[in-house]
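Structure assessment
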Amino acid sequence: MMIIDRFESEYAIIEDNENRLEIKRTLLPENAKEGDVIVVKNKAFSVDEEETEKRRKEILKKLKKL
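Note that the structure is a prediction, hence the values are computed from the model and not measured.

Before going further, it helps to spend a moment on the overall build of the protein. Helix and strand counts for the protein stand at one helix and five strands. Ordered by position from N to C terminus, the α and β elements of the protein give β-β-β-β-β-α. Its C-alpha atoms give the protein principal-axis dimensions of roughly 35 × 25 × 25 Å. By the burial criterion, 23% of the 66 residues in the protein qualify as buried. The contacts in the protein between residues at least 6 apart in sequence include a share of 27% that link residues at least 24 apart. Split by element, the accessible area of the protein, about 5300 Å² in all, is 49% carbon and sulfur. The protein carries 15 positive and 16 negative side-chain charges, and their two centres are separated by 5 Å.

Along the chain, the position of L21 falls in strand β3 (residues 20-24). Put simply, L21 and K54 are 33 residues apart on the chain and 23 Å apart in space, counted from C-alpha to C-alpha.

When the terminal C-alpha atoms of helix α1 (residues 49-65) are compared, their 25 Å separation across 17 residues agrees well with the 24 Å that a helix rising 1.5 Å per residue should span. Capping the start of α1, D48 holds a side-chain oxygen 3.3 Å from the backbone nitrogen of E50, two or three residues further along.

Before going further, it helps to spend a moment on unusual backbone geometry. Despite not being glycine, N42 shows a phi value in the positive range, around 50°. Mapped onto the fold, N42 is located in the loop between β4 (37-41) and β5 (44-47). With a relative accessible area of 79%, N42 lands in the exposed category. With a phi angle near 65°, K43 is a residue other than glycine that sits in the positive phi range. Examined against the element boundaries, K43 turns out to sit in the loop between β4 and β5. For K43, a relative accessible area of 84% gives the class exposed.

The rules behind these values
Residues numbered from 1 in each chain as written. Predicted model: local features only at pLDDT ≥ 70, side-chain atom pairs only at ≥ 80, totals over all residues. Heavy atoms only, no water. Helix = DSSP H or I, 4+ residues; strand = E, 2+ residues; numbered from the N terminus. Buried < 20%, exposed > 50% of the residue type's maximum accessible area, 1.4 Å probe, protein only. Contact = heavy atoms within 4.5 Å. Areas by Shrake-Rupley, 256 points an atom, 1.4 Å probe, with all protein chains shown as cover. Lys, Arg positive; Asp, Glu negative; His and termini not counted. Charge placed at Lys NZ, Arg CZ, Asp CG, Glu CD. Expected span 1.5 Å × (residues − 1). Polar contact = N/O pair within 3.5 Å; in protein donor to acceptor, adjacent residues only side chain to side chain.

What follows is the structure in structure tokens.
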């Protein structure tokens, strides 16, 4: 699973389970933001809205428990 960790200048820092990638921000959809799950389809990056929302809900649940 690839997740946008942060943006640094013109690059997006993408993390998966073991690696960190730096890709040009212009290669991502305009609406991409930190925390979004990214997938590659037909050599293009897109945001997996369903998986992103699922992760956000799981994180909120954990925060409420604290």
